[in-house]
Every structure is written in C-alpha cells, then in structure tokens.
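# Structural description and commentary
As a plain string of letters, each chain reads:
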Amino acid sequence: MALKSNKLIDNKPSAPETQSGKKIKNSSRSTGSKSKVGPVILSDPRLLRSVGFLLMITGIYLFLAISTFIINWFASDGSDLVFATSDQFKDHTETVSNWTGWLGAYIAKYLVYNGIGIGSYFISVFFISAGLRLLLNIKLFSLWRWFEFLIISFVWIPVTFSLIFLQHPENILGGLTGHQLNIWLLAYLGKAGLILLIIFIPVIFSLIDFKFQFKRKEKKSKPINNKTINTQLDSTTKEELYNTVEFAVSDDEGELLSKPDNGTGNSFKVEEDPSIQLETEINTSINKEVDDNVELIVEETQVEKSGKDKPLPGEHFGIGTDFDPTLELADYKLPPFDLLVDYDVNNVLVTKEELEINKNRIVETLNQYSIGITKIKATIGPTVTLYEVVPAPGIRIAKIKNLEDDIALSLSAIGIRIIAPIPGKGTVGIEVPNQNPNIVSMKSIITSEKFRNNNFDLPFGIGKTISNESFVVDLAKMPHLLMAGATGQGKSVGLNAIIASLLYKKHPAELKFILVDPKKVELNLFSRIERHYLAKLPDSEEAIITDTRKVVRTLNSLSIEMDNRYELLKDAQVRNIKEYNAKFIARKLNPLHGHRYLPYLVLVIDEFADLIMTAGKEIEAPVTRLAQLARAIGIHLIIATQRPSVNIITGTIKANFPARIAFRVITKIDSRTILDTSGADQLVGRGDMLFSTGSDVIRLQCAFIDTPEVERLTSFIGAQRAYPDAMHLPEFKDEEAEQKTDYDPKDRDELFEDAALIIVQTQQGSTSLLQRKLKLGYNRAGRIIDQLEAAGIVGAFEGSKAREVKVGSEMALEQFLKDLNSNDSGYDENE
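How each quantity is defined
Residues numbered from 1 in each chain as written. Predicted model: local features only at pLDDT ≥ 70, side-chain atom pairs only at ≥ 80, totals over all residues. Heavy atoms only, no water. Helix = DSSP H or I, 4+ residues; strand = E, 2+ residues; numbered from the N terminus. Buried < 20%, exposed > 50% of the residue type's maximum accessible area, 1.4 Å probe, protein only. Contact = heavy atoms within 4.5 Å. Areas by Shrake-Rupley, 256 points an atom, 1.4 Å probe, with all protein chains shown as cover. Polar contact = N/O pair within 3.5 Å; in protein donor to acceptor, adjacent residues only side chain to side chain. Pairing = 2+ DSSP bridges. Axes fitted to C-alpha atoms, helices over the stretch in contact; angles between N-to-C directions. Phe/Tyr/Trp six-rings, centres within 6.5 Å; stacked < 30°, edge-to-face > 60°. Lys NZ or Arg CZ within 6 Å of the ring centre and 35° of its normal. Parallel < 35°, antiparallel > 145°, perpendicular 65-115°, else oblique. Nonpolar A, V, L, I, M, F, W, Y, C, P; charged D, E, K, R; others polar. 1 Å grid on protein atoms, 1.4 Å probe; cavity = no way out; pocket = protein on both sides within 12 Å on 5 of 7 lines; lining within 4 Å. Points joined across faces, edges and corners; volume = space filled by probe spheres on them. Core = buried A, V, L, I, M, F, W, Y, C linked by side-chain atoms within 4.5 Å. Expected span 1.5 Å × (residues − 1).

### A look at the overall build of the chain
The number of helices and strands found in the chain is 27 helices and 18 strands. Here the chain holds 831 residues, and 49% of them are scored as buried. The long-range share in the chain, meaning contacts at least 24 apart out of those at least 6 apart in sequence, stands at 69%. With the model as given, the accessible surface of the chain reaches about 41800 Å², and the carbon-plus-sulfur share is 54%.

Printed below as a string of structure tokens:
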C-alpha cells in the first residue's frame, strides 16, 4: 500500500484483486501507456479536490432544502405551496416557499414527505462528510458510526416519530416510510413489541459504544502502573485485543484495510484521564502529505496486582517438622514495604497528543523514502514508547533499519532504536523516548504479584519492561550477571536494587553476600547487616572488601569453599545445592560427617575494571574459575564495571556470563563488547538499560532505590537479633605474601623499581633483558630477578622459558610498589 501524498502517487502498488480474491497481472508492458491513463486521472489530487468540493456544496444544498421544507410545512400547516409537483415544475411562473427553489422543494418532498422524514438529514451529512474527506482529508466518523447513523436515520427515526406523531401536520416528521413501517411492524409485533424495539436499538448501540459499570465501586489503592489511558472494547473483540485503541486504515482507493469489525465497526474508544486532557483529533499541522489513516493501536499495559506470599514481610518464619535452617533466627522478620518510597504516584502520563505527533512524524519520514506501512501499534513504557510498524508488502526491512538517524532527526529525540524485525512478530519496532520519562520505584517491583508469587531460588527485580510489567528473574538460573555502562548511568543503583530484592525474599540463613567495593562508598551502607547477610575472611575486620590484596585472598577463599562444597555434594550423591539442602532438611545427611546446610553465596563486585588494572591475572583467574564451576554449588557472581573494553571484559569472562546488563555507553564498540550487538549506545541514560540472556535483548527501565531507602532497609535488618559474627569463609594462605617476608627489604637493589618497570613494559621476565637495558652484569641482574620474584612481580624459574609477569600494566605496578613500600615501612617499625 502506498501512502497518500502529493509527491508519491504510485509507489509500485501490488496487483489489484478481483472479487474472487485472485490477483490480476499488471499488463502495462503489453498495453503501453494507455493503461496508465485511468489510474493517473483518478488519483489526480486536483480532480479529487474538485469532486470533494462538489459533494460539499450538494450536501449544504440538500440541508437547506430539507430545513426550509420542514419549516414551511409547519408554517403553512401543510399547504401545497411547499410542494413542487411535476406540473408545477414545468411552469416557471409559479412560486414555491423554499430557499432552494423548485428543484430543492421537489427533492425535499421525496426525501421528507414521501421518504424518511427528518431522518433525511443523514443524506446531507453524508455528502458533506464525503466532500471533506476528498477535499481536506478529514475523516469525521468511522464505518461503525456510519452504520449506527444509517440504522437510526432510516429505521428508528421514521418508526419512532410516526408512532408518536399521528396527527397532521406533525406526521411529516416520520415520513411516508415511517408510516408504512409502523403498519407492518404493528401487524407482526404489536404495539408493545414495537415500543420494545424502539427502546432496544439506542440501548444496544450505547452498550457497545460506552462502558458502564453496574457494580458498586470498591475503594482501591492507587495502581502501581504509570499509565492511566483506559480503553474499551466490545464483547466480540475483547479477548483478542485487550486494552487497545484502533483507528481505521484506508488504501489509495479508500477501502478498509484494518481488521474487519464483524458487524460491530470501530468499537474501540479512548477514555481520557480526567487529570490530563488528551487530544482526540489527529495533528495535521505537521505535514499535509502524511497519511493520517495509517492505523495506530495504543496497547494498554495492565496494572499489576499485589500478590500474596508466605511469609509476608514483617511476619515470623515458621518452624517445621524437618530441620529448619532459620531456627537460630526464628524471630527474624522480613523488611516491610513501607520502608520504600512509591515514586509512581506523581508520574506524568503520556498524552495521546504526543503519540499522534510521533506517529505522524514516523509516517512522514517513511513516506519521504517511499516506504509504505499499514499499521502502527504503540506500547507505552516508563521511559520509551515502542511503535510497532507493519510495513507494506514488498518493503525491505533493511531499508527501514537504515533510517534510524533520519527518524531521530524528525522526532528531535535521542535514544531512537530500531528493532528490525521484532523477534517472534512480523513487525518492525521503533523505540522513541517519552518527553516525560517516569520513575520506576523499587516498591512497585517488590509489591508486584510477579515478585511475591514465584518459585525462584534467588529472585530479584531489576525494573520494568516497555509493556510496564515488572521484570523478575532468577539469579540461580542465570547463573552469573555482568553489568557495564558509562559513569552515572545507573550501575550502582542497579546493584542496590538487586541486593534489596534478595533481602526482601531470603532469610539470613539462606543467603550470604560477599561485597567487593574498590570505591569504598557505594556498598558501604550494607555494613549494617554484616552479622545477618555478609560473609568475610576469618581475619578480616570489615565485611565490605575494599583492599585489592584482600580481594585476591577472598576470591581464592571462595575457590576453596567451592571445592569443599563439591566434596559434600559428592558424599551426598547429589548434583546441585538444591538437592543437597533438600536432603539435609529431610535429615538424610549426618552433620557429624561434616554435612551442613549450605546457604547461597552471591559475590558482588563493583568497579571490576579497577581490580583488573591493579591485580590483573590474580583477579581474572579465580573469577573465571568461579564462573565456570560455582553454579551448581550455589555461588553466583554479579560484576559491574565502567569500562567495557576487551582487556577488562575478556572473552573468557564473557563466555561464562551469559546474562548481561548494559546501561548507556558511549560507542557502538562498547555496546558490542558487552552485548555482542549494538544498541546500548542509543539508550537515554538514567537507568535505561538492555538486558541480554544470550538469545534476545530486552529494554528495561531500572528500578530506582535512593540512599535513604537503603539506609532504612539496612537499619531495620540490623536492629534485629543477629548471628554472633558474619559467616567465615575458608582460610587462605597467601604463599606469595610469605615469600615476600623471606628477604630483607634493606637488601633491595637500587635499580629494583627501574627493573620492575622494564619487566612490566615488555612483559618479559628475563635476566638477559635487564642486562641489556640496564647495562648490568649477569650476577646483579640475576639478584634483581630473584628480588622481583620474591616481591611477586614475576613468577618462578621455568627453564628456558621466560618468567611469567604477574603485573599487567604500569598503573598496576605503581599501586603494587606503593603497597609493597607500605609493607616494608611496617616491617621496619616492627624491627
């Protein structure tokens, strides 16, 4: 289907269809140019405007003729002067009391007196509407509304007025048609049946067009949903299209292309929110050439109901007949919902005017590039609105994909993203940011039915989708999560949202966190729940790990814990932690043999890039090992980083993190590094993100949880009775640290730091290299290599191979030497 435009008249239309449904082949090649004369003339806008103006004049003429006829009829009490008989019509000396002369009186006589009475006004309105359609491209009514007018004008009005007004001259209101219909209907239905029929027709139309609530309204809490555009459907289409608004679509010949209404017509209607007056007419001031008849469907998002879960927040955990891991803290209460703030109360609605403006601009841009569309469906989300475009037959999808920048220019908006095509649908998606994005509160996620009623092992809610549904997933099935994005785009808020979700769902005996925060300020608030939910090394004073050397020790300690757990699973003859705990709770495993209840361990690392730069392979190796093996025994990793470069997020790490979250990044290269596809560079920021599970990418708006909310949450948990101490991880002996104390720092060579810099720059741990670069003898260069090995900068001697360099960059070396010097000063003080 080609869009109507003065510039675009014939956009390679498909072959026309006959009444039998078969396509007729285009015979333009055989017949030459003569076959194009007819279509060109019919589609000439000058001819269409002329015909439209003629129809408007005809409609106004009929309106004046009918009005004058009725007025003069009552004024003359039915005198013959208002008539125009055939004999009088030939005699031009006679006068008639009608503003439109003999012709108008003659036509009005047959329409009103011999016809349908005042229902004949429908005919004049029809001519005026058709003229406006052709002249100004203004559509007054839908097909369903015309059907209603037809029944009312030709049946209901004549019958009703002929039944009420039986005396002269009032009987003209129903016309001769109404009089005859009354006689026929009274014979078959009787007077009572005729009256019921008269009542039935307007009532059934009202029930179809309007929504009536016959039940008493109950007082409900304010919905979580950020959108209040309600829709109304008739009973025949309610199950198929729930909460949609549909407008008719016309092709070049004016035939209906939208879904057939099965006799009900256009039964979809927008119910405007009383707080915001939505414009109901299409904005035509953008471009007169835009086809306003392209279908726009606004998909209504459902208000999520608050579910019920046991135990509810604030309630006690019960004690069962089997072993209860929560028995030690049986009086522990989950946090209540009122600790969080509901930001959805003051949300700004997306107006219908904004939807229509964006729709017209999208259609206009596609029209300029000869791309025809048949339907647009708008799904309104918290941050963006998804316009699903159904292209006309024969349009290449890649052609629409290439217009991403042009559509962004026409809409004057950033963050335009085109999904061509949408997986599982025969549509092309165009995501357009809302003028007033809404804040998704963490409370709306926590109180949603999807979060409270699920069987996930580690459920967490991260935000809402474009369809305004809470997005809740199971961390145990991911099994690890990688988060990346530029500074200030919402990574730390996303981490807080995930941790808060797990705190609202799991008992302290079922879940422990290992928190790594190199910035020292992002996760510091969770130190209040150290004795409830955190795990740490036995000799560590603080549960929030900020020192790089302690991070390495903690990761290696987790590796030991992973190996110990696998030994327990092997002895219990089970394959995963869920089966093991089920056996232990059923008292089928003996604690005297070393068996114990295994809580889930979630390792959260913020600013992973900083750790890689300072520790390098010492961090990457245990992280990779945990990501590969720790899933089955309940250890899960959540890693966040600012720099999604390939030297930070290596291929080995990406292979073990199938679930990834990408906040806004700067370049397409960064987006491909995280998601293996572009799109993250086109986000609008402030929590706008893409969630990838490997198969598809979902656009979400991250839930917002502010610092005061985290403080209230951790204070509520910290005020309750807790364990004597945080969970202790297995002790890890750092052999390299012991080696560092085997040599005297006073004996360190003067060229130690220079040699270390050369080794790190070249990434070659070779004695001969130091000899050449520093012009040293073999003995001195060998002693420096031994000192570098003792310090942990290079690895052990491997024969003919060069020693392994354990420090990856100059920045990491600088930090390493700083820590080494601080340790040396401490050594001197002890001396």
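### A word on the side chain of Thr 673
Take Thr 673: it is sitting in helix 21 (residues 668-675). Judged by its relative accessible area of 7%, Thr 673 is buried. Excluding residues within four positions of it along the chain, Thr 673 makes contact with Pro 644, Ser 645, Val 646 and Lys 654.

### A closer look at the environment of Asp 749
By secondary structure assignment, the location of Asp 749 is in the loop between helix 23 (735-740) and helix 24 (752-762). On the accessibility criterion, Asp 749 (16% relative accessible area) is buried. Discounting residues that sit within four places of it in the chain, Asp 749 has contacts with Arg 780, Ile 784 and Gln 787. Within polar-contact distance, the side chain of Asp 749 engages the backbone nitrogen of Leu 751 at 2.8 Å.

### Re the sheet that holds strand 15 (residues 659-662)
Within the open sheet, the 9 strands sit side by side as 9-8-17-16-15-10-14-13-11. Their pairing is mixed. This sheet does not close on itself; its edge strands, each paired only once, are strand 9 (470-474) and strand 11 (511-516). Between one strand axis and the next, the sheet turns by 30° as a mean value, whatever way the strands run. Of the pairings in the sheet, the one linking strand 8 (residues 459-465) to strand 17 (residues 697-702) comprises 3 bridges and is antiparallel in character. The partner of Thr 465 across the bridge, within strand 17, is Leu 700. Sheet strands in contact with helix 16 (residues 548-572) are strand 11, strand 13 (600-605) and strand 14 (635-641), and its direction is about 155° off that of strand 13. Strands in contact with helix 21 are strand 10 (481-484), strand 15 and strand 16 (688-692); relative to strand 15, the strand with the most contacts, it is inclined by about 155°.

### So, the pairing of strand 16
Burial within strand 16 is extensive, with 5 of its 5 residues counted as buried. By the alternation rule, side chains of strand 16 split into Asp 688, Leu 690 and Ser 692 and Met 689 and Phe 691, which are all buried. With 3 bridges joining them, strand 15 and strand 16 adopt antiparallel strand pairing. Pairing of Arg 660 across the sheet is with Ser 692, part of strand 16. Here strand 16 runs beside strand 17; their pairing, made up of 5 bridges, is antiparallel. Across the sheet, Met 689 pairs through a bridge with Leu 700, a residue of strand 17. Counting the residues between successive antiparallel strands, the hairpin from strand 16 to strand 17 contains 4 residues, one of them, Gly 694, with a positive phi of roughly 105°.

### Overview of the packing of aromatic side chains
Inspection of the entire model under this criterion finds 15 aromatic pairs. Aromatic pair Trp 144 and Phe 205: ring centres 5.9 Å apart, planes at 90°, arrangement edge-to-face. Note that Trp 144 is positioned in helix 7 (residues 143-164) and Phe 205 in helix 8 (residues 175-209), a separation of 61 residues in sequence. With centroids separated by 6.0 Å and ring planes inclined at 85°, the aromatic side chains of Trp 146 and Phe 149 adopt a geometry described as edge-to-face. Here Trp 146 and its partner Phe 149 are both found in helix 7, 3 residues apart, which amounts to about one turn of the helix. With relative accessibility at 15%, the residue Trp 146 sits in the buried group. A relative accessible area of 28% means that Phe 149 is categorised as partly exposed. Through successive ring pairs, a cluster of aromatic residues spans Phe 122, Phe 126, Phe 127, Trp 146, Phe 149 and Phe 154. Lying across the ring of Phe 451, Lys 505 places its NZ or CZ 5.4 Å from the centre. Geometry around Phe 752 places Arg 748 over its ring, the cationic atom sitting 4.8 Å from the centre.

### Some points on the packing of helix 3 (residues 45-75) against helix 5 (residues 101-116)
Taken N-terminus to C-terminus, the directions of helix 3 and helix 5 make an angle of 75°; their axes are 9 Å apart at the nearest point. If you check the angle between helix 3 and helix 5, you find them roughly perpendicular. Where helix 3 abuts helix 5, its residues Tyr 61, Leu 62, Ala 65, Ile 66, Phe 69, Ile 70 and Trp 73 lie against Leu 103, Gly 104, Ala 105, Ile 107, Ala 108, Lys 109, Leu 111, Val 112 and Tyr 113. Taken together, the residues that form the contact of helix 3 with helix 5 break down as 14 nonpolar, 1 polar and 1 charged.

### Some points on the environment of Ser 766
Checked against the element boundaries, Ser 766 lands in the loop between helix 24 and helix 25 (767-774). Considering only alpha carbons, one finds Ser 766 and Ala 781, 15 residues apart in sequence, at a separation of 9.1 Å. Residues in contact with Ser 766, not counting those within four places in the same chain, are Ile 759 and Ile 785. Side-chain polar atoms of Ser 766 contact the side chain of Ser 768, separated by 2.9 Å.

### Regarding empty space enclosed by the protein
Counted according to the given criterion, the structure contains 5 cavities of 30 Å³ or more. Of the volumes computed, that of the second largest cavity is approximately 50 Å³. In this structure, the second largest cavity is lined by Pro 382, Thr 383, Val 384, Lys 464, Thr 465, Ile 466, Asp 688, Arg 699, Leu 700 and Gln 701. Listing elements by their share of the lining of the second largest cavity, those giving two or more residues are strand 8 and strand 17.

### Considering the nonpolar core
Of all hydrophobic cores here, the largest spans 111 residues; its most connected members are Leu 481, Phe 513 and Ile 619. No other element matches helix 16, which puts 8 residues into this core.

### Examining helix 14 (residues 491-503)
An ideal rise of 1.5 Å per residue puts 18 Å on 13 residues; helix 14 measures up with 18 Å between its terminal C-alpha atoms. Across the 13 residues of helix 14, 12 count as buried, placing the element largely inside the fold.

### Some words on unusual backbone geometry
Following Met 478, the chain continues to Pro 479 via a peptide bond in cis, the omega torsion being 0°. With respect to the element layout, Pro 479 can be found in the loop between strand 9 and strand 10. Despite not being glycine, Ser 370 shows a phi value in the positive range, around 60°. Relative accessible area serves as the criterion here: at 27%, Ser 370 is assigned to the partly exposed category. Backbone geometry places Arg 587, a non-glycine residue, at a positive phi of 60°. Within the secondary structure, Arg 587 sits in the loop between helix 17 (577-585) and strand 13. Arg 587 sits in the exposed class, given a relative accessible area of 56%.

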